[in-house]
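# Chain and residue survey
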Amino acid sequence: MSLELRNVDWRVGFKKIISDVTIAVKPGEFLGLIGPNGSGKTSLMSVLSGIRPPSGGSALLDGQDVKRIGRRNLARRIGFVEQQADTIDRITVTEAVSLGRTPYLSLLTPWSQNDDAVVDDALDAVDMRSMKDRMWHTLSGGEKQRVHIARALAQEPEFLLLDEPTNHLDIRHQLGILELVRRLPVTVVAALHDLNHAAMFCDRIAMMDGGKLRAIGTPQDILIPENLRDVFGVSATVEPDNIHPGRCMIRYHAGGTNTDVVSDFAEMKADTKKDRIA
Amino acid sequence: MIGLLSLAFTNRISATLVALMLLCVTLAFAASVGETAIPMQTVINTIANHVWNAGHEVDVIDAGIVWNYRLSRAVVAASCGASLAVAGAVLQGLLRNALADPYLLGISAGASTGAVSVAILGLGAGVLGLSVGAFIGSLVAFAFVALLSLQAGRGTGAIILAGVAGSQLFNAMTSFIVTKSASAEEARGIMFWLLGNLSGVRWPDVWLALPVAIVGLVICFGYSRALDAFTFGRDSAASLGVPVRRAYVVLIGCAALMTAVMVSIVGSIGFVGLVIPHAARFFVGTRHSALLPVSALIGALFLVCADVFSRMIVPGQVLPIGVITALIGAPAFALILCHGRVLR
């Protein structure tokens, strides 16, 4: 049971979005993917999930090239929750979660009671069983996200990939979703925006910068002031978490690096001006 | 468990039987009403005579009207309504757009260009009929739209925009040909054809329309689970194991062919492909295993009835069926819309 990328490139047209990323997901871990906007997190997630084939290098599941595994088999092993997926269809929570059984069904193997049981278990896992008959459009953002996760769980995957699962949620639901995911008996890869959340929940963190994998390691190794300054452009102090040993907390400083960012910006502007004149 | 399964199964079978019976009754009704009302008994006897040589005694003229004119016409109307409604439901589900309809793919515009090319410009030197011209035109337009959307980058938005561009282009060509070369008489004839016309329909048309409708429905039905998987968009479908590209090619190709065949037989009847799927959703929800057959049924019933109306509403004159579908359909749909909102 392994999922890895070897020297993966991914291009859109001639533009390289991801270059030379090598990463191996360890069984059972919670791997966080961090990086500033546009660093290639979402693209990396879609390559990892097998939705987009890499332009160069290879994506391997148990050592086998993902391209050769086939969509259906892949969907039975990898569940993927996208960043934004909404619908105007009037469907119930149960119907939405039932979609997760798609890779197991065909004309010859129709819906069975086992599928009902899997869907119920998935609803239980995200604590949404009591809302199973609610209509999708009446759900709150956090509830929708739980249903999405339940749909992915109904695929009975070994790997659960989540692209910024806490977007647009209030803080209680953000923590709720991450705690829920952490409890699940699957290997999780999640792209996260909030570095403190990454510090709190992840076993390992992979840091992307400009389409490259900058570093990978434990939260304490990755979340150091130098990285926060160089990659994210913020000044911060990192304190050890006294309640949870081995974890850390990040305290940002207002104004501290603003000057850096501003001067970077001014430099950039000057550069473009020079380019234009040239 | 087996009991439950068989119950669901028998439910399905009995629902299908009820639907088929409803369809048969409507067809018989359509064959009995018209300028000369023919008793239902005569209709049933005539059908029995033709289908299994029952040897009932019926008036020869009545039998001719029922079998050769009204029944063939009603069956084509049913096939056409079912095809357009299913094509509309498939495209709305696949492209995630409530305004998608079968004519989105440029098919009706291309068909009209093909038809006027044959009828007015005399393309094909008398060998090609209006229908063949319309069919070729619709395929050319669809090919244009498909290539354009591939070039533009394969997204659902690209297909819709390419369809709009293609439709506008081919409609403009039609208008150009009509205004430049057609006499007033020809222009009126073309206009009538464009709005849909079942007058010339006979049994050979049935043997084309009916199989296309049935095969098309079966293929689309086979993809109903895949269509469900598109609920949360294309990437979501891909992550659920659906071969997205193949589904696109098969389903869009299927919708396009069904539409092209129907349009070339009866002209471009509007409203059905856009609105019937929405009406069906109000009754059975959005899951395609129920939505597609119910859309087909409602579409078939609706178009058969609309055709009856088009023959009856102005005595001594047949109105284009496209006028009727919109005139009756729009208020009916408005009712469903308002009623549906109250219900939920």
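The text that follows walks through the structure, step by step, so that each part is easy to find. (Residues numbered from 1 in each chain as written. Chains lettered and ligands numbered in written order. Predicted model: local features only at pLDDT ≥ 70, side-chain atom pairs only at ≥ 80, totals over all residues. Heavy atoms only, no water.)

## Structural notes on the overall build of chain A
Cut-off, in case you're wondering: Helix and strand assignments follow DSSP, with helices taken as H or I runs no shorter than four residues and strands as E runs no shorter than two, numbered in order from the N terminus. Atoms counted for the radius of gyration: C-alpha only. Globule rule: 2.2 Å times the number of residues to the power 0.38. Relative accessibility under 20% of the residue-type maximum defines a buried residue, over 50% an exposed one, and the middle range a partly exposed one, all with a 1.4 Å probe and only protein chains included. In what follows, a contact means two residues having at least one pair of non-hydrogen atoms within 4.5 Å. The accessible surface values rely on the Shrake-Rupley method and a 1.4 Å probe; as for residues, cover is taken only from the protein chains in view. In this charge count, Lys and Arg are treated as positive and Asp and Glu as negative; neither His nor the chain ends contribute. Charge positions come from single atoms, namely NZ of Lys, CZ of Arg, CG of Asp or CD of Glu.
A tally of helices and strands in chain A yields 11 helices and 12 strands. The C-alpha radius of gyration computed for chain A amounts to 20 Å, which stays within 12% of the reference 19 Å derived for 278 residues, consistent with globular compactness. With respect to the three principal axes, the spread of C-alpha positions in chain A is 65 × 45 × 35 Å. Relative to its 278 residues, chain A shows a buried fraction of 49%. Within chain A, contacts between residues at least 6 apart in sequence are counted, and of these 65% link residues at least 24 apart. Entry remark: accessible area of chain A is about 13,600 Å², with carbon and sulfur atoms responsible for 52%. Positive and negative side-chain charges in chain A, numbering 34 and 37 respectively, have mean positions lying 4 Å apart.

## Observations regarding the layout of surface pockets
Where we set the bar: Using a grid of 1 Å spacing that covers the protein atoms alone, one calls a set of points a cavity when a 1.4 Å probe fits there but cannot get out, and a pocket when the set is open and has protein on both sides within 12 Å along at least five of seven lines; lining residues are those with an atom within 4 Å of a point. Grid points are joined across faces, edges and corners, and a volume is the space filled by probe spheres set on the points. For this scheme, ten residues count as nonpolar: Ala, Val, Leu, Ile, Met, Phe, Trp, Tyr, Cys and Pro. Four count as charged, namely Asp, Glu, Lys and Arg, and the remainder, Gly too, count as polar.
Its boundaries defined by the atoms lining it, the second largest pocket holds a volume of some 800 Å³. Forming the boundary of the second largest pocket are 28 residues, of which Ile51, Arg52, Pro53 and Arg71 of chain A together with Arg245 of chain B lie nearest the centre. Considering only residue class, the lining of the second largest pocket consists of 13 nonpolar, 5 polar and 10 charged.

## Re the packing of helix H4 (residues 107–119) of chain B against helix H11 (residues 244–266) of chain B
Helix packing for two helices is described by the angle between their axes and how far apart those axes are. All names here are of chain B. Selection rule: Interaxial angles span 0 to 180 degrees and are taken between N-to-C directions of axes, which are lines fitted to C-alpha atoms, for helices over the stretch in contact. Here a crossing is called left-handed whenever its near helix is offset anticlockwise from the far helix by less than a right angle, and right-handed whenever the offset is clockwise.
Two numbers describe how H4 lies on H11: the axes approach to 10 Å, and their chain directions differ by 40 degrees. For the crossing formed where H4 meets H11, the hand is right-handed. Contacts between H4 and H11 involve Ile107, Ser108 and Ala111 from the former and Ala256, Thr259, Ala260 and Val263 from the latter. A per-class count over the contact of H4 with H11 returns 5 nonpolar, 2 polar and no charged.

## Here we look at the packing of helix H3 (residues 60–95) of chain B against H11 of chain B
Residues and elements named next belong to chain B. What counts is decided by this rule: Orientation is classified from the angle alone, with under 35 degrees giving roughly parallel, over 145 giving roughly antiparallel, 65 to 115 giving roughly perpendicular, and any other angle giving oblique.
Axis separation between H3 and H11 bottoms out at 9 Å; the angle between their running directions is 150 degrees. If you check the angle between H3 and H11, you find them roughly antiparallel. In this structure, H3 crosses over H11, and the sense of that crossing is left-handed. Contact residues: H3 offers Val76, Ser79, Cys80, Ser83, Leu84, Val86, Ala87, Val90, Leu91, Leu94 and Leu95, while H11 offers Tyr248, Leu251, Ile252, Ala255, Met258, Thr259, Met262, Ile265 and Val266. When its residues are assigned to classes, the contact of H3 with H11 shows 17 nonpolar, 3 polar and no charged.

## What about the interface of chain B and chain A?
Keep this limit in mind: The term buried area denotes the loss of accessible surface (1.4 Å probe radius) that occurs when two parts are joined, taken as the sum for both partners. For salt bridges, the criterion is a side-chain nitrogen of Lys or Arg within 4 Å of an Asp or Glu carboxyl oxygen. In protein, a polar contact means a hydrogen-donor-capable atom and an acceptor-capable atom, both N or O and within 3.5 Å, with residues adjacent in sequence counting only if both atoms are side-chain atoms; elsewhere, any N or O pair within 3.5 Å suffices.
Facing the 21 residues of chain B at the interface are 29 residues of chain A. Summing the contributions of chain B and of chain A, the shared interface buries around 2,300 Å²; its carbon and sulfur component is 61%. When the buried area of chain B at its contact with chain A is split by residue, Arg225, Phe232 and Leu240 of chain B rank highest and sum to 32% of it. For the pair chain B and chain A, the interface holds 3 salt bridges. Ionic pairing is found between Asp235 of chain B and Arg52 of chain A, a salt bridge with its closest N-O pair at 2.8 Å. Seen at the junction of chain B and chain A, the total is 6 residue pairs in polar contact (both at pLDDT 80 or more). Tallying contributions element by element places helix H10 (residues 234–239) of chain B first for the side of chain B that touches chain A, with 4 residues. Of the residues belonging to the side of chain B that touches chain A, the class tally is 10 nonpolar, 5 polar and 6 charged.

## Focus on a nonpolar patch on the surface
Residue and element names in this part refer to chain B. Under the convention used in this document: In this analysis, a patch consists of residues with relative accessible area above 30% that form no salt bridge, clustered at 9 Å for like charges and at 5 Å for the nonpolar side chains Val, Leu, Ile, Met, Phe, Trp and Tyr.
Where nonpolar side chains cluster on the molecular surface, the patch consists of Phe144, Leu148, Leu169 and Met173 and spans about 290 Å² of accessible area. Of all the secondary-structure elements, those providing two or more residues to the nonpolar patch are helix H5 (130–152) and helix H6 (156–181). Tracing the sequence through the fold places Leu148 in helix H5.

## So, unusual backbone geometry
Phi is positive for Asn7 of chain A, which is not a glycine, with a value near 50 degrees. Structurally, Asn7 of chain A can be placed in strand E1 (residues 3–12). Despite not being glycine, Phe271 of chain B has its phi angle at roughly 80 degrees, a positive value. Position of Phe271 of chain B among the secondary structure elements: in the loop between H11 and helix H12 (272–284).

## Comments concerning empty space enclosed by the protein
Taken as a whole and assessed by the stated rule, the structure comprises 3 cavities of 30 Å³ or more. Taken as a whole, the largest cavity encloses approximately 50 Å³ of empty space. Looking at the largest cavity, the residues that line it are Ser49, Arg71, Leu74, Ala75, Ile78 and Phe80 of chain A together with Ala238 and Ser239 of chain B. Those elements giving two or more residues to the lining of the largest cavity turn out to be helix H3 (71–75) and strand E6 (78–81) of chain A together with H10 of chain B. Ranked by residue count, the leading element in the lining of the largest cavity is H3 of chain A, at 3 residues. By residue class, the composition of the lining of the largest cavity is 5 nonpolar, 2 polar and 1 charged. Approximately 40 Å³ is the volume attributed to the second largest cavity. Taken together, Arg73, Phe192, Gly196, Asn197, Leu198, Ser199, Asp307, Ser310, Val318, Leu319, Pro320 and Ile321 of chain B make up the lining of the second largest cavity. Here the residues of the lining of the second largest cavity are counted per class, giving 6 nonpolar, 4 polar and 2 charged.

## Quick word on the side chain of Lys41 of chain A
Residues and elements named next belong to chain A. Checked against the element boundaries, Lys41 lands in helix H1 (residues 41–48). Accessibility expressed as a relative area gives 4% for Lys41, which makes it buried. Excluding residues within four positions of it along the chain, Lys41 makes contact with Leu33, Ile34, Gly35, Pro36, Glu164, Ala191, Leu192 and His193.

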